[in-house]
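What follows is each chain in one-letter form.
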Amino acid sequence: MDPIDEAWQIVRSGGPIDAERLFRVVMAEPMLTTQDRRTRRLVYDGIVALRDYWGAAAFDARVRRNEKSDHVAALATGQRVGDGFVTLRERLVSATESSVILQMFRELGGRMPADASLVVGGSIALMLDAILIRHTDDVDVVDELPESLRREHGLLADLATRYGLKLTHFQSHYLPDGWAGRTGALGRFGRLDVHVVDPIDVLTGKLFSRRTKDLDDVRLALPKIDGNEFRHRIATSTAAFRRDATLLEAATRNWYIVTGEEALPGPADSARA
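Q: Would you mind going over helix α4 (residues 37–54) with me for this structure?
A: Two residues of an α-helix separated by three or four positions point the same way, owing to the 3.6 residues in each turn. Taking 1.5 Å per residue as the helical rise, α4 with its 18 residues ought to reach 26 Å, and the 26 Å between its terminal C-alpha atoms agrees with that figure. Taken together, the buried positions of α4 are occupied by Thr39, Arg41, Leu42, Val43, Tyr44, Asp45, Gly46, Ile47, Ala49, Leu50 and Trp54. Gly55 occupies a position one or two residues after α4 and carries a positive phi of about 95°.

What follows is the structure, given as structure tokens:
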């Protein structure tokens, strides 16, 4: 993608912004040399936000390594016009990268005392499929950790400290009907087999949640998934959720927010499709 197009896509996404990605984009030559006044303001405000986020010394060191100091200095002293991008700083995060998740699984599987398997869900399942870009500290395992892992307190603590990821668990009743038959294999890591909950099942569960964080995950992921399959999953795999009036109310509200439709997709909608 053209750096200028990517920069505007990032800003208009309405969600968290990965600091590394924003830095890469604003340091691109077309961004630093553009004569478009609005884009120059975006670059300037991006630089200010990143400098505050990482600290002046760390940011300046990164700029010197990219050999763009002259361009950045010129932008910093140039005229700023128009309304600024005032939310950039608050939206910056250090996004959890899929490569780090895989590294953690490789080391975990290589240090385990016995064979084990687990199923991962939650936001990690969305990050592994590049559907969601944000930070998380938790690798959510469905139902519970394998017994052989639960005893490895030192190993789990060491990995949490070094990778910034800790293994946690959640109950499978937060997932839609039939989820177990739709999981995918992530791979074999030493003595550990890892499967992943289907991303659309993860998002269906999040739709029936009262947490604003889950609503935001659905909102930001929706453009990156098969919308028809999401509708079908909501219509055909949420009978258990719908029996809980509180969950049904939350899902109806969330669906209206993300789509503008007042009614959830139901079995009749699926049959017509």
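Having put the structure on the table, let's press on.
Q: I keep staring at helix α14 (residues 227–236) and nothing clicks. Help me out?
A: Within α14 the residues assigned to the buried category are Phe230, Arg233, Ile234 and Ala235. Looking at where α14 begins, the residue whose side-chain oxygen comes 3.0 Å from the main-chain nitrogen of Asn228 is Asp226.

Q: Would you mind showing me how to read the confidence of the model for the chain here?
A: Low pLDDT means the predicted atomic positions in that stretch should not be read closely. When pLDDT is averaged along the chain, the result is 90, and 93% of the positions lie at 70 or above. Element-level pLDDT for the chain is lowest in helix α17 (residues 267–272), with a mean of 63, against a maximum mean of 98 in helix α12 (residues 199–207).

Q: Which parts of the structure should I look at to understand the packing of helix α8 (residues 98–111) against helix α11 (residues 153–163)?
A: For any two helices packed against each other, the geometry comes down to the angle between their axes and how far apart the axes lie. It is at 11 Å that the axes of α8 and α11 come closest, and there the two elements cross at 155°. The angle between α8 and α11 places the two elements in the roughly antiparallel class. In this structure, the crossing between α8 and α11 has a hand that is right-handed. Between α8 and α11, the residues in contact are Val100, Gln103, Met104, Glu107, Leu108 and Arg111 and Leu155, Leu156, Asp158, Leu159, Arg162 and Tyr163, respectively. Residue composition of the contact of α8 with α11, by class: 7 nonpolar, 1 polar and 4 charged.

Q: What is the right way to read the environment of Asp129 from this model?
A: Structurally, Asp129 is set in the loop between α9 (122–128) and β4 (138–142). In sequence terms Asp129 and Trp179 are 50 residues apart; their C-alpha atoms lie 17 Å from each other.

Thresholds, definitions, all that
Residues numbered from 1 in each chain as written. Predicted model: local features only at pLDDT ≥ 70, side-chain atom pairs only at ≥ 80, totals over all residues. Heavy atoms only, no water. Helix = DSSP H or I, 4+ residues; strand = E, 2+ residues; numbered from the N terminus. Expected span 1.5 Å × (residues − 1). Buried < 20%, exposed > 50% of the residue type's maximum accessible area, 1.4 Å probe, protein only. Polar contact = N/O pair within 3.5 Å; in protein donor to acceptor, adjacent residues only side chain to side chain. pLDDT = per-residue confidence, 0-100. Axes fitted to C-alpha atoms, helices over the stretch in contact; angles between N-to-C directions. Parallel < 35°, antiparallel > 145°, perpendicular 65-115°, else oblique. Left-handed = near helix turned anticlockwise from the far one by under 90°. Contact = heavy atoms within 4.5 Å. Nonpolar A, V, L, I, M, F, W, Y, C, P; charged D, E, K, R; others polar.

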